[in-house]
Every structure is written in C-alpha cells, then in structure tokens.
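Chain residues, written in single-letter form:
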Amino acid sequence: MTTPVTPGWADGSFGVNAKSAHQAEALELVKWMATPEFGQLYASELKQLSAVPGVTPPDPLLAEMAKNYAANGAPYTLLVDFRYGQPNGDAVFRDEVQKMLAGQTDPKAVAESVQKGVGQWFKPGN
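In short, a report on the structure. (Residues numbered from 1 in each chain as written. Predicted model: local features only at pLDDT ≥ 70, side-chain atom pairs only at ≥ 80, totals over all residues. Heavy atoms only, no water.)

### As for the packing of aromatic side chains
Here's step 1: Applying the stated criterion across every chain yields a total of four aromatic pairs.
Here's step 2: A ring pair is formed by W32 and F38, whose centres lie 5.0 Å apart and whose planes are at 70°; its orientation type is edge-to-face.
Here's step 3: Overall, the relative accessible area of 32% leaves W32 in the partly exposed class.
Here's step 4: By relative accessible area, which is 17% here, F38 ends up buried.
Here's step 5: Here F38 and Y42 contribute two aromatic rings whose centre-to-centre distance is 5.9 Å and whose plane-to-plane angle is 40°, an arrangement assigned as tilted. Placement of both F38 and Y42 in helix 2 (residues 36–46) is noted, with a separation of four residues, approximately one turn of the helix.
Here's step 6: In this structure an aromatic cluster arises from ring pairing among W32, F38 and Y42. (Phe/Tyr/Trp six-rings, centres within 6.5 Å; stacked < 30°, edge-to-face > 60°. Buried < 20%, exposed > 50% of the residue type's maximum accessible area, 1.4 Å probe, protein only. Helix = DSSP H or I, 4+ residues; strand = E, 2+ residues; numbered from the N terminus.)

### Some points on the side chain of E96
Here's step 1: Looking at the secondary structure, you find E96 in helix 5 (residues 89–101).
Here's step 2: For E96, a relative accessible area of 11% puts it in the buried group.

### Thoughts on the environment of A51
Here's step 1: With respect to the helices, strands and loops of the structure, A51 is situated in the loop between helix 2 and helix 3 (60–72).
Here's step 2: Between the alpha carbons of A51 and A24 there is a distance of 23 Å; along the sequence they are 27 residues apart.

### Focus: a nonpolar patch on the surface
Here's step 1: Together, L29, W32 and L41 line one region of the surface with nonpolar side chains, adding up to about 260 Å² of accessible area.
Here's step 2: With respect to the secondary-structure elements, L41 resides in helix 2. (Patch = residues over 30% accessible without salt bridge, like charges linked within 9 Å, V, L, I, M, F, W, Y side chains within 5 Å. Areas by Shrake-Rupley, 256 points an atom, 1.4 Å probe, with all protein chains shown as cover. Salt bridge = Lys/Arg side-chain N within 4 Å of Asp/Glu carboxyl O.)

### Things to note about the environment of K108
Here's step 1: Within the secondary structure layout, K108 lies in helix 6 (residues 107–119).
Here's step 2: Note: C-alpha distance between K108 and V5 (103 residues apart in sequence) is 15 Å.

Everything listed is a geometric property; what it means functionally is a separate question.
Below you can see the structure in the form of structure tokens.
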C-alpha cells in the first residue's frame, strides 16, 4: 500500500442511567453534547477530533489529521485486533515507538518489528 492511512477511533460514549434521580437534566446534557456547539468546543479546547459532524478543528495539525482521516481513515486495528496473541502487537508497538522517540530506531524499523511480531500469530483471512 502506498497511500498513508490515518487511524482513529471513538474512545468513549455517553448515556443516562435509568435509575438517575436527574434523568431529565442528564438527558439535556447528553443531547447538548451532540450539538455543533459542543463539538466545536471539544475540538477547540481539548484539541481532539470530535464525533459531531461538521466540526472544524482550529489547530492546524489536528485539522490535517481530520482531513487525512476523512480521506483515508482506518480503524485503530493495533489496539482492537492485534493485542490478543503473543507477542502482543500493542506492546511491541509501544516498546518500539519509545525506542524511536529516544533516537534508537526509525519508523521503518518500528513497522518491521510490529510486522514481525504480529506475523508470528496473525494470519490475514483466518
């Protein structure tokens, strides 16, 4: 594959407890959290991608990430699919990225290490 992909995922959800003494207020809050106003605040203040459609991140790097994710998004498969065998893909990736950030390796070597580790037990199509 020559087209870079940008992984992403939703790391939380919100709901209202059926036994809450303040169901109406909680429901009002959750409904507001689905509005463009909240979505824009979320992206602007937390510098995170918002799940609310139509939000434009003001941070240039986050805006570029959002654009790339929209064009070539991919699920966060390392977390979801590659942590159930040995060696654990998530652990291999974490360790290799730490080495990369310390200047002990490069991105290509990180990818090769993850491929080698996960390739020991993960077989596509099975």
